[in-house]
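Descriptive analysis of the structure
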Amino acid sequence: MKAKKIRPLIACIVATVMLFTSLSLVSCSTPPPEIDDIRERIIYLLEESQEINSIFWGEGLPVYERDDPKYQEFYTDTEMTTYEYVTLDSKYQSIDSIKESAEKVYSAELLERIYQAAFDGVSLDTNDALIVSTARFYEDKGGLMQSIYVRNPVGADLSISSERVFDYDSIEILVPSNGSFINVSIDSWLKSDANPDGSVPASKITNIKLQFALSETDNLWYLDSPSY
């Protein structure tokens, strides 16, 4: 095996999530819900996921930039040279506060894997090399810190380029689905692909597949696949 490659988080977290997320289903003993019974819940989850997606895969949180002379005083007492402090006016001031919002949107099973990459870091054996990715967020006595690579992605480690927009009238439940796990199709496009008048070229509209899981804890549906 070749030597380790140290890489920033974006590509590694996406690869990790996709590696473990599948369309396989649990027992099909119960029928899926009617779409009209869960449409409002799906809309809520997809709308709320926009902010969470940005935190985990997009532009992240506002930070005191290390390369700005105005903020050098923030970094005199830390040895974490590849992290930047999240600004004090940010909605999120701790890892726990990020988790609190994420757990209102994504399933516990999916978040377990997302958290590993976001807060602990991960390694992937590609058979060609061992890719080691540091955590996207870190917390020390000075507060919440975010990887400097969120602002300065390297190589293929690109952030989400634009918010995704969904056509909620196009939602359909797909086979296979059941009372605990459903596959859904929905037309969507990137906000950046819309024309100035708000219209969207037909070539930019894509039908995507999403997964939702019913929680045994609170009997509510949660996103079980990334929605970006």
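Scroll up for the structure.
A brief report on the enclosed structure follows.

Reading the values: the criteria
- Residues numbered from 1 in each chain as written.
- Predicted model: local features only at pLDDT ≥ 70, side-chain atom pairs only at ≥ 80, totals over all residues.
- Heavy atoms only, no water.
- Helix = DSSP H or I, 4+ residues; strand = E, 2+ residues; numbered from the N terminus.
- 1 Å grid on protein atoms, 1.4 Å probe; cavity = no way out; pocket = protein on both sides within 12 Å on 5 of 7 lines; lining within 4 Å.
- Points joined across faces, edges and corners; volume = space filled by probe spheres on them.
- Nonpolar A, V, L, I, M, F, W, Y, C, P; charged D, E, K, R; others polar.
- Pairing = 2+ DSSP bridges.
- Axes fitted to C-alpha atoms, helices over the stretch in contact; angles between N-to-C directions.
- Contact = heavy atoms within 4.5 Å.
- Expected span 1.5 Å × (residues − 1).
- Bend = angle between axes of the 7 residues up to and from the residue.
- Buried < 20%, exposed > 50% of the residue type's maximum accessible area, 1.4 Å probe, protein only.
- Phe/Tyr/Trp six-rings, centres within 6.5 Å; stacked < 30°, edge-to-face > 60°.
- Lys NZ or Arg CZ within 6 Å of the ring centre and 35° of its normal.

Next up on the list: unusual backbone geometry. Residue P176 is reached from V175 by a cis peptide bond, and omega for that bond is 5 degrees. Note on placement: P176 falls in the loop between β7 (164-174) and β8 (181-190). At N219, a residue that is not glycine, the phi angle is positive and equals roughly 60 degrees.

Taken as a whole, the second largest pocket encloses approximately 220 Å³ of empty space. What lines the second largest pocket is a set of 13 residues, among which Q50, S54, I160, S162 and E163 lie closest to the centre. Its residues assigned to classes, the lining of the second largest pocket shows two nonpolar, seven polar and four charged.

Here we come to the sheet that holds strand β2 (residues 83-85). The three strands lie next to each other as β2-β6-β5, forming an open sheet whose pairing is antiparallel. Single-partner strands in this sheet number two, and they are β2 and β5 (137-140). In this sheet, adjacent strand axes meet at a mean angle of 35 degrees when their direction is disregarded. The pairing of β2 with strand β6 (residues 143-147) spans three bridges and is classified as antiparallel. Within the sheet, the bridge partner assigned to Y83 lies in β6 and is S147.

Our next topic: the sheet that holds strand β10 (residues 221-223). The four strands are arranged β7-β8-β9-β10 in an open sheet whose pairing can be described as antiparallel. The outermost strands of the open sheet, each flanked by one partner alone, are β7 and β10. Taken pair by pair, the neighbouring strands of this sheet meet at an average axis angle of 40 degrees, ignoring direction. Sheet topology note: the β7/β8 ladder contains seven bridges and is antiparallel. Looking across to β8, one finds that V165 is bridged to W189. Each of β7, β8, β9 (206-214) and β10 touches helix α2 (residues 35-57); the most contacted strand, β7, lies at about 150 degrees to it.

For α2, which comprises 23 residues, the first-to-last C-alpha distance of 29 Å sits more than 12% below the rise-based estimate of 33 Å (1.5 Å per residue). The largest bend along α2 measures about 35 degrees and falls at Q50.

This part covers the side chain of S227. Along the chain, S227 falls in the segment after β10. Using a relative accessible area of 2% as the deciding quantity, one classes S227 as buried. Setting aside chain neighbours within four positions, we find S227 in contact with L46, S49, N53, Y106, R164, F166 and L210.

Before going further, it helps to spend a moment on the packing of aromatic side chains. Overall, the coordinates contain 12 aromatic pairs when judged by the stated rule. Plain terms: the ring middles of Y75 and Y85 are 5.5 Å apart, the flat faces sit at 25 degrees to each other, and that makes the pair stacked. Of this pair, Y75 sits in the loop between α2 and β2 while Y85 is found in strand β2, placing the two residues 10 residues apart along the sequence. On the numbers, 5.4 Å between centres and 40 degrees between planes, the contact of Y115 with F119 is tilted. Of this pair, Y115 and F119 both sit in helix α4 (residues 108-120), four residues apart, which is roughly one turn of that helix. Across the pair, F119 and Y115 agree in class, each one buried. Clustering of aromatic rings is evident, with ring pairs tying together F56, W57, Y106, Y115, F119, F137 and Y228. Above the plane of the ring of Y222 lies R41, whose end atom (NZ or CZ) is 4.9 Å from the centre.

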